[in-house]
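Now for the letters of each chain:
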Amino acid sequence: MTAPVGSAARPGVPDVFDPRGYADGLPHAAYRLLRDRHPVAWQEEHEVLGWPAGPGFWAVTRHEDVVRVLKDAGTFSSRLGATQIRDPDPADLPFIRRMMLNQDPPDHGRLRRLVSRAFTPRRVERFGAAVRERARGLLTAAVDAARAGNGVRDLVTDVTDDFALLNLADLLGVPPAERGLLLDWTRRVIGYQDPDESGPAARGPDGRPADPRSPAMLQDMFAFARELAAHKRRHPGDDVMTVLAADDELATSELEMFFFLLTIAGNDTVRSAAPGGLLALAQHPEAYRGLRSGAVGTAACAEELLRWHPPVLSFRRTAVHDTELAGQRIRAGEKVVVFHGSANYDERAFPTPHRLDPARSPNPHVSFGDGPHVCLGAHLARLQLRVLYEETSRLLPTLTLAGQPRRLVSNFINGLKSVPLRLVDEEHG
């Protein structure tokens, strides 16, 4: 694909593609300029971090336009080119399209209904009780470790990474001895743009970095999914993999892709949102005091923290036919990328968007997407986040930053690698 006529990046149009631009947080000034002057702006997809250049894409930054793209699967397809900014290898597309995330209605709806059967009210209730116990246990252990040391602990490594991982492992029914694999896979697939997370990049035959989402790079995860499903058929439990393994309508290849989706998205949504929400509360002590006192409801506060720190930064669609968006002509086959972080701060949808308002209502954030692909596990993510914020507010009188947070280098996930907090006052340590 060549760049559309007149669409080359113009002077004054900021680059929101480069993953390195997110290492300091959401690029609010760039987002604001795009929303105000170039709401559908052509972005050059330059070579970066060893990854090859791409054909470019349209960046969609206003809330109204983001919602339109996400809702209109007939015009903006998840299937044609999948949902990541970078184009997959054409040879990998049939494989990638097996995943529900990369399908369009009606095929997408069938798979969504199948997996929804696993989330029964009884299972969700049991899950909620385990989540609360885990949040309390991890936070208590972090406070004890802080008291035994210098009063400071890393919220990510001590609490939120394990919180997200162990909750997911419980939900899926992954044996304790193998739960570390889930985090390893998540880091490899989600953090591939960040050397701290991905480690040395695997190389393909051409010497370039191998796509971590390609079939060749996921065989160990799929083999584990098949082995776990076989185990669940012999030894059923009260978990999602038992339900999926027993479903005759689900092909083996579909089960593998469900395991991939639940493992990666199910882990990283909470893994990214949880420390982001707690960091926001640490930076806004008046909001945290309101949460602790009960002046602010936990559910409303959790929604505002999701708006403030969306776990996902962007999702890609592909134009099915020639169309127009915010006055910009888009041709069939061109990439259209929505930016959740920009939409969540759009002044047209959110009064005073740069004020953290734990009681904000209405709060139509798009942190879990919109339309047919709205996050399948959003209710479970919300449950985990509410519980974590409740238990934090009960156990920690204050949240005080003890150092500079470190963020993930990524244009896809709004991740935090480190959030050092003072959990115990030095005079009371």
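Everything discussed here concerns the structure shown above.
Here's a quick rundown of the structure. (Residues numbered from 1 in each chain as written. Predicted model: local features only at pLDDT ≥ 70, side-chain atom pairs only at ≥ 80, totals over all residues. Heavy atoms only, no water.)

## Structural notes on the pattern of salt bridges
Right, on to step 1. The final tally for this structure, using the stated rule, is 36 salt bridges.
Right, on to step 2. Linking glutamate 45 and lysine 335 is a salt bridge whose minimum nitrogen-to-oxygen distance equals 2.7 Å. Of the two residues, glutamate 45 sits in the loop between strand 1 (40–43) and strand 2 (57–60) while lysine 335 sits in strand 8 (residues 335–339), which places them 290 residues apart along the sequence. Residue glutamate 45 shares its accessibility class with lysine 335, and that shared class is buried.
Right, on to step 3. Residue glutamate 390 pairs with arginine 132 through a salt bridge whose shortest N-O separation is 2.7 Å. Of this pair, glutamate 390 sits in helix 15 (residues 378–395) while arginine 132 sits in helix 5 (residues 121–148), and the two are 258 residues apart along the sequence.
Right, on to step 4. According to the relative accessible area criterion, glutamate 390 is buried, its value standing at 18%. (Salt bridge = Lys/Arg side-chain N within 4 Å of Asp/Glu carboxyl O. Helix = DSSP H or I, 4+ residues; strand = E, 2+ residues; numbered from the N terminus. Buried < 20%, exposed > 50% of the residue type's maximum accessible area, 1.4 Å probe, protein only.)

## Some remarks on the sheet that holds strand 3 (residues 76–77)
Strand pairing within a sheet occurs via backbone hydrogen bonds; the two strands may be parallel or antiparallel.
Right, on to step 1. Reading across from one edge, 1-2-8-5-3 is the order of the five strands in this open sheet, with mixed pairing throughout. Edge positions in the open sheet fall to strand 1 and strand 3, since each of these has one partner strand only.
Right, on to step 2. Pairing of strand 2 with strand 8 involves three bridges; the strand directions are parallel. Residue valine 60 lies in a different strand from strand 8, and its bridge partner there is valine 338. (Pairing = 2+ DSSP bridges.)

## Here's the deal with empty space enclosed by the protein
Right, on to step 1. Following the criterion strictly, the structure yields five cavities of 30 Å³ or more and no others.
Right, on to step 2. For the lining of the second largest cavity, a count of residues per class yields ten nonpolar, six polar and four charged. (1 Å grid on protein atoms, 1.4 Å probe; cavity = no way out; pocket = protein on both sides within 12 Å on 5 of 7 lines; lining within 4 Å. Points joined across faces, edges and corners; volume = space filled by probe spheres on them. Nonpolar A, V, L, I, M, F, W, Y, C, P; charged D, E, K, R; others polar.)

## Observations regarding unusual backbone geometry
Right, on to step 1. Backbone torsion omega between proline 105 and proline 106 reads 5°, so that peptide bond is classified as cis.
Right, on to step 2. Among the structural elements, proline 106 can be located in the loop between helix 3 (93–96) and helix 4 (107–116).
Right, on to step 3. A cis amide bond links serine 361 with the next residue in sequence, proline 362, at an omega value of 0°.
Right, on to step 4. Within the fold, proline 362 resides in the loop between helix 14 (340–343) and helix 15.
Right, on to step 5. A positive phi angle is found at alanine 82, which is not glycine, with a value near 70°.
Right, on to step 6. Within the element layout of this structure, alanine 82 appears in the loop between strand 3 and helix 3.
Right, on to step 7. Of note, threonine 352 is a non-glycine position whose phi angle comes to about 45°, a positive value.
Right, on to step 8. Structurally, the position occupied by threonine 352 is in the loop between helix 14 and helix 15.
Right, on to step 9. Looking at threonine 352, the relative accessible area reads 46%, which means it is partly exposed.

## Things to note about the packing of aromatic side chains
Right, on to step 1. Within the structure shown, the criterion is met by ten aromatic pairs.
Right, on to step 2. Among the aromatic side chains, those forming a connected cluster through ring pairs are Phe17, Tyr31, Phe57 and Phe339.
Right, on to step 3. Here the guanidinium or amino end of arginine 307 rests over the ring plane of tyrosine 345, the centre of that ring lying 5.0 Å away.
Right, on to step 4. Here the basic side chain of arginine 307 rests over the ring of phenylalanine 350, its NZ or CZ set 5.4 Å away from the ring centre. (Phe/Tyr/Trp six-rings, centres within 6.5 Å; stacked < 30°, edge-to-face > 60°. Lys NZ or Arg CZ within 6 Å of the ring centre and 35° of its normal.)

## Considering the environment of leucine 421
Right, on to step 1. Residue position: leucine 421 is located in strand 12 (residues 420–422).
Right, on to step 2. Counting along the chain gives 142 residues from leucine 421 to leucine 279, while the straight-line C-alpha distance between them is 8.9 Å.
Right, on to step 3. In contact with leucine 421, not counting residues within four places along its chain, are Gly151, Val152, Arg153, Leu155, Ala282, Leu399, Thr400, Leu401 and Ala402. (Contact = heavy atoms within 4.5 Å.)

## Some words on the packing of helix 7 (residues 180–190) against helix 9 (residues 219–234)
Right, on to step 1. Relative to each other, helix 7 and helix 9 sit at 145°, their axes nearing to 11 Å. Along this stretch, helix 7 crosses helix 9, giving a crossing that reads as left-handed. Residues Leu181, Trp185 and Arg188 of helix 7 pack against Asp220, Met221 and Phe224 of helix 9.
Right, on to step 2. Across the contact of helix 7 with helix 9, the residue classes tally to four nonpolar, no polar and two charged. (Axes fitted to C-alpha atoms, helices over the stretch in contact; angles between N-to-C directions. Left-handed = near helix turned anticlockwise from the far one by under 90°.)

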